[in-house]
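Residues per chain, in single letters:
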Amino acid sequence: MQKVRFSTVILLLVLALLAASSAILLTPAYLGSEKALQHEIKLAYERDQRALNSLIEARFKNIQQISQEVIKARELRWALNANEPKMISRVIDTLLAGENGQHIDAIVIENSDGVPTVGTNSSLLGVQLPLEKISQHYTPSATWSSVNVEGDSEYYSVLRLTLPVVDERFGEVIGKMHTFVLLNDNYWIIGQLQSLFGSQAISLSLGSHVLDELEGAAGQLHNLHAAGLISEGVLTTENSILREHSLRIGSSERYSVRTLLPNNAYLALRDAYISNLSYAALLVMVLGIVTMLVIQYLTRSSLSYLTQYAEQIPESGSPQPFRGGRFNEFVRVGNAVEKMLLRIRDRDKHLSSIIDHSPGLIFIKGMDQRYQLVNTRLAELFNLTSSQMIGKRDQGVLSDDLMVSVLKSDQQLLKSHHPTQYEMKIETSKGLCTFLVSKFPIFCDQGNLESIGGIATDITGIKQVEDQLRLAQQVFAETGEAIIVLDEEHDVLTSNRAFVEMSGVNECDITVAAHKFLAAYPDILHQLEHAKRWQGECSLECADGSSLPVLVSATLLSSMEGKNRYVILFRDITNLKIAEQRLQRLALYDNLTGLPNRSLFNQQLEKVLNRDTQLITAVLFIDLDRFKSINDTYGHSVGDQLLLQVADRLRTCVNLKDSVSRLGGDEFTVILRDIPDRSQVEPIARRITTALRKPYDLGTIRCFTSASIGVAIAGKDGEDVDTLTRHADLAMYQAKAQGRDIIQFFDQVINARHQQRHQYEEDLRKAVDNNALFVVYQPRFDISGQHMRGAEALVRWSHPVHGAVSPAEFIPIAEASNLIVQLGRFVLFEACKQASAWNADGYQLGVSVNLSPRQLHERDLVKDISRALSETGLPPHLLELEITETHVMENIDQFLPLLNEIRQMGVTLAVDDFGTGYSSLMYLKKLPVDIVKIDRSFIMDVPGDTDDENLVRAIISMSHSLRLRVVAEGVETEEQQQFLCNLGCDQLQGFLFGRPDSVTQLKELADQQIATPL
């Protein structure tokens, strides 16, 4: 490489700097002048456009004034009125021959009949224009307009002015005058434009048609037309200025006037710039030579001293401080050389420190196998110091086992002159460790091998990690769950054998299968952008086209390099889905009949209601009559067989599009779909009742049952599933109440009754909680009616809105809602408290209280009775508890222990409403009762009704035979009292002796009687 003197470089730099400075200073001035020149050209263009408009407007306005003077000529009006074409032609010729007509190319005058008279100027010689035809075309009057005529080979553009000729005497239009100016080859127009602009070339055109053009020298028109589109009207080139003006006369089309002007100002500016730049370059060269000589003189001495200092640096030890130099810059260079040498010495120290403290084993051996350099870690491994190992051979340090691998690796390196690696196990204080030994050749300056360097790294931990990775790889490959790992581009990095077996794809198609899966479930990767993990059920498309249900777990892993990896695990859940389907069937279908259950019924009905159809949908709520009796009599297995046959019969009674469901127990529903008319619903329901009324052969047993059906129509009776089902259920209960085996359509009366019952239930609950109920007492007399024996406690309710509510209304509500237990407990305590008060006042009147069937099932009934007696202080024999015959007889074995326990407390027991149930002597004998009360329904028609008389007589006789007292209820006439007296009845109760009333009135009645104990 050729060396260059420093002073030469400085000279070149100075010259370049001065040249650049000159160019920088001159260029903005040149560019500013050029910009100002362009602005001036634009202003000149706008100025010339205004001059063009003024010139053309003045010329054509003059022609229009001449035409207006002609139409006012008396001679022309006389000729038109006289219809003298020759005289009209004379007027035209006179005008065209004169000085005023030299700019008019043709005139056409029409009379009132439209007959034209044409006169042309000499400028139209050889030009064939259909002036008569053009004159007939309509154009606006008193304004110039364009008329374009295209012949076989020529295109003409004519300006036309139409003026009416008016007879001033009558104000009547007697003709028209058309003035024509031909723009093609019109010398006076193009000449005046040439004079106006002073251009080298000029052209007048309409669209793509050149009408007239003129050039000062050959080739200038070519330059004018070669420019193409001229934006903003001006195009500046190096030697010329091209301009395009717009020309419009009156209502004519817009014509284009192009001009070519010399660009003298730009040429002058360019020549001035080049001249100034040449002078600047010459000045730069002179200044550069002078500057070089000065710099060469000033720097030579300083550079010489710096060179001498650098050449005298010792090979070892610290360099001498640099002193000398005329300029600070050279002193700084010398100081920098000194600091560089100091840094080299510091780096030698650092390198020695790194070698000594490196965790690896570092050594250098000569060609004679003697150690030239070892670090402290290597020496300590063999219980030596670094200085002790220097000069030793391998045989003096290593064991025989290690020597084999060491010699083999040394021979390989000496032979190939290339680095080599191998693993070696060495026994250390920490145990047996594995080292990765890397050996490399060290060459001298001549390229000859002079020593062997080596670094041994402890890779025991790495080997353990490798073993763990191999184990993890084996687990990854052999696990039964399919796994794929994707890179950032979603290409498969690795996959296990389970994925191939699960998907059935070849290993080369795994990436395609993964891309297809991710395309079907793009949300997986989207979710992983926000969360590290995602799990969900998917469908994996297999190679054979089948789909496999899988549970997918996706995890986003981020490496230390910032690259993302996606691990996707697939678990085959086919068996789980089968189990889910089984569970779903159990959840949606009745296990006994196979019919849809309540959940599926609700789904089906909601789906039907959401359809947009004009056809009718009806819901039938079916409840079997007396099914409980069949179930209790013959057992649940027979009941299940009956339900199966009912399900089969219901399926045969409806169409395939209809739905049959079992809600539970003996309740079924039918969804009738797409019924054209409401009248068709009842025949289907009757078909069902007829089918269910037929006998059922259940093995050796033959049973009969019927069904009560409630019907609700969608839309009319409800818009949603709950409302429609509830109304059908209400209608069914109404059918039950009317006697069973009945079809009942829902109506608002049923709903109102239900709503009232529901409201009564809520109000009754509040009344029970707020102690808003009260107790009245109906007296009971001996058979003579003279002596009061006691009173029956009856609960009453005064509703805050509806007033007194009949017990016949609210007692069944209390029974159905379990309020009867609280209600009975309230009456029991109130009655005991009142009877205790009577006893304290000396009346010795007993009180009877009705026990409801639900109270008999309460475990705390005995405690309630005992607490009522103890808290009120009422003697037990003054309390009488009435139980209903029907309920007790049906469960006599269940209630006997309870009744015996109550009887042992000293409380009197009575059978209420006797005769309405079993009325069995055997059952009555089992009961620990003291009193039998005959129901009022048997007393109502006696005397007179033979059957009732015989029945009452039998009850009294039977009861007396069992040493039981008899009380007749509902006695309202003296004839009834006399009849019962004759039969030996013991006590009477009824309106004849007293209505249920308050405690005060009862005491007044008792004061009138002689009260005796029961």
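Residues numbered from 1 in each chain as written. Predicted model: local features only at pLDDT ≥ 70, side-chain atom pairs only at ≥ 80, totals over all residues. Heavy atoms only, no water.

The chain is annotated in an unreviewed UniProt entry as cyclic-guanylate-specific phosphodiesterase from Pontibacterium sinense. What UniProt states about the chain under its Subcellular location (unreviewed entry) heading is, verbatim, "Cell inner membrane". (UniProt positions renumbered as here; feature names shortened; annotations may be inferred.)

A.B. asks: Lay out the overall build of the chain in plain terms, naming residues and giving numbers.
C.D. replies: Within the chain, the secondary structure is distributed over 33 helices and 36 strands. Here the chain, with 1014 residues, has 43% of them falling under the buried criterion. Across the chain, the fraction of contacts at a sequence separation of at least 24, relative to all contacts at a separation of at least 6, is 57%. Per element, the accessible surface of the chain, about 55,300 Å² overall, is 52% carbon and sulfur. (Helix = DSSP H or I, 4+ residues; strand = E, 2+ residues; numbered from the N terminus. Buried < 20%, exposed > 50% of the residue type's maximum accessible area, 1.4 Å probe, protein only. Contact = heavy atoms within 4.5 Å. Areas by Shrake-Rupley, 256 points an atom, 1.4 Å probe, with all protein chains shown as cover.)

A.B. asks: Any chance you could break down the nonpolar core for me, citing the residues and the numbers?
C.D. replies: One finds Leu764, Leu773, Ile865, Leu879, Leu881, Ile902 and Leu980 to be the most contacted residues of the largest nonpolar core, which totals 76 residues. At 12 residues, helix α24 (residues 819–840) tops the list of elements feeding residues into this core. Every residue in contact with Leu764, bar those within four places of it in the chain, is listed here: Leu773, Trp797, Phe810, Ile813, Ala814 and Leu819. If you look at the next biggest cluster of nonpolar residues, it comprises 42 residues, including Phe60, Met87, Leu159 and Leu204. (Core = buried A, V, L, I, M, F, W, Y, C linked by side-chain atoms within 4.5 Å.)

A.B. asks: Describe helix α11 (residues 400–416), listing the residues and the values that go with them.
C.D. replies: Spanning 17 residues, α11 covers 25 Å between terminal C-alpha atoms, matching the ideal 24 Å at 1.5 Å per step. Next to the buried residues of α11 lie β11 (361–366), β13 (420–428), β14 (431–443) and β15 (449–458). His417 sits one or two residues past α11 and shows a positive phi near 60°. (Expected span 1.5 Å × (residues − 1).)

A.B. asks: Any chance you could break down the pattern of salt bridges for me, citing the residues and the numbers?
C.D. replies: All chains considered together, the criterion is met by 32 salt bridges. Between Lys463 and Glu423 there is a salt bridge, with the nearest N and O atoms lying 3.4 Å from each other. Of this pair, Lys463 sits in helix α12 (residues 460–478) while Glu423 sits in strand β13; the two residues are 40 residues apart in sequence, bridging distant segments of the chain. Residue classification places Lys463 among the partly exposed positions, given a relative accessible area of 23%. A salt bridge links Glu501 to Arg497; its shortest N-O distance comes to 3.7 Å. With a gap of 4 residues between them, Glu501 and Arg497 both fall in helix α13 (residues 497–503), about one helical turn apart. Taking relative accessible area as the criterion, Glu501 reaches 58% and is therefore assigned exposed. (Salt bridge = Lys/Arg side-chain N within 4 Å of Asp/Glu carboxyl O.)

A.B. asks: Before we move on, could you go through the packing of aromatic side chains and cite the residues and values that matter?
C.D. replies: Centre-to-centre distance and the angle between the planes together describe a pair of aromatic rings. Summed over the entire model, instances satisfying the criterion amount to 7 aromatic pairs. Considering the side-chain rings of Phe499 and Phe570, the 5.5 Å spacing of their centres and the 50° angle between planes classify their relative orientation as tilted. With Phe499 in helix α13 and Phe570 in strand β20 (residues 564–572), this pair connects stretches of sequence that are 71 residues apart. For the pair Phe499 and Phe570, one class covers both residues: buried. Three or more aromatic residues joined by ring pairs make a cluster, and in this case those are Phe499, Phe517, Tyr521 and Phe570. The positively charged end of Arg649 is found above the aromatic ring belonging to Tyr696, 3.7 Å away from the centroid. Positioned over the ring face of Phe991 is Arg995, at 4.0 Å from the centre of the ring. (Phe/Tyr/Trp six-rings, centres within 6.5 Å; stacked < 30°, edge-to-face > 60°. Lys NZ or Arg CZ within 6 Å of the ring centre and 35° of its normal.)

A.B. asks: Which residues make up the pairing of strand β26 (residues 706–713), and what are the values?
C.D. replies: Most of β26 is tucked away: 8 of the 8 residues are buried. The side-chain alternation of β26 yields two buried faces, one formed by Ser706, Ser708, Gly710 and Ala712 and the other by Ala707, Ile709, Val711 and Ile713. Both strand β21 (residues 616–625) and β26 contribute to a ladder of 8 bridges, which runs antiparallel. Looking at the pairing, Val619 lines up with Ala712 of β26. Two strands pair when backbone bridges link them, and β26 and strand β27 (residues 743–745) are joined in this way by 3 bridges, in the parallel orientation. Considered in β27, the bridge of Val711 is made with Phe745. Considered for its hand, the β-α-β crossover made up of β26, helix α21 (residues 721–737) and β27 is left-handed. (Pairing = 2+ DSSP bridges. Right-handed = clockwise from strand over helix to strand, strands pointing away.)

A.B. asks: Report on empty space enclosed by the protein, specifying residues and quantitative values.
C.D. replies: Inspection of every chain in the model, using the stated rule, returns 2 cavities of 30 Å³ or more. Here the largest cavity defines a volume of roughly 180 Å³. As for the largest cavity, its lining consists of 18 residues, and the residues nearest its centre are Phe363, Tyr371, Leu378, Leu398 and Met424. For the lining of the largest cavity, the secondary-structure elements that each account for two or more residues are β11, α9 (376–381), β13 and β14. When its residues are assigned to classes, the lining of the largest cavity shows 15 nonpolar, no polar and 3 charged. As a volume, the second largest cavity reaches approximately 40 Å³. Around the second largest cavity, the lining residues are Gln778, Glu792, Arg936, Glu969, Gly970, Gln989, Gly990 and Phe991. (1 Å grid on protein atoms, 1.4 Å probe; cavity = no way out; pocket = protein on both sides within 12 Å on 5 of 7 lines; lining within 4 Å. Points joined across faces, edges and corners; volume = space filled by probe spheres on them. Nonpolar A, V, L, I, M, F, W, Y, C, P; charged D, E, K, R; others polar.)

A.B. asks: I'd like to hear about the environment of Gln136, residue by residue, with values.
C.D. replies: Residue placement: Gln136 occurs in helix α4 (residues 131–136). Overall, the relative accessible area of 59% leaves Gln136 in the exposed class. When the C-alpha atoms of Gln136 and Gly114 are compared, they prove to be 8.2 Å apart, with 22 residues separating the residues in sequence.

A.B. asks: With reference to specific residues and values, describe the pairing of β20.
C.D. replies: Looking at chain direction, strand β16 (residues 482–486) and β20 are connected through 5 bridges and run antiparallel. Following the sheet pairing, Leu486 is matched in β20 by Tyr566. Bridge analysis of strand β19 (residues 547–558) against β20 gives 9 bridges, and the strand direction is antiparallel. Counterpart to Leu551 in the pairing with β20 is Arg571.

A.B. asks: So, the environment of Asn239: which residues are in play, and what are the values?
C.D. replies: By the secondary structure assignment, Asn239 is in the loop between β8 (234–236) and β9 (240–247). Residue classification places Asn239 among the partly exposed residues on the basis of a relative accessible area of 48%.

A.B. asks: I'd like a rundown of unusual backbone geometry, residues and numbers included.
C.D. replies: In the segment running from Val942 into Pro943, the intervening peptide bond is cis, with an omega of -10°. Along the chain, Pro943 turns up in the loop between α30 (936–939) and α31 (946–961). Phi at Ala142 is positive, roughly 65°, even though this residue is not glycine. One non-glycine residue with positive phi stands out, namely Arg626, at about 60°. Within the secondary structure, Arg626 sits in the loop between β21 and α18 (627–634). Residue classification places Arg626 among the partly exposed residues on the basis of a relative accessible area of 48%.

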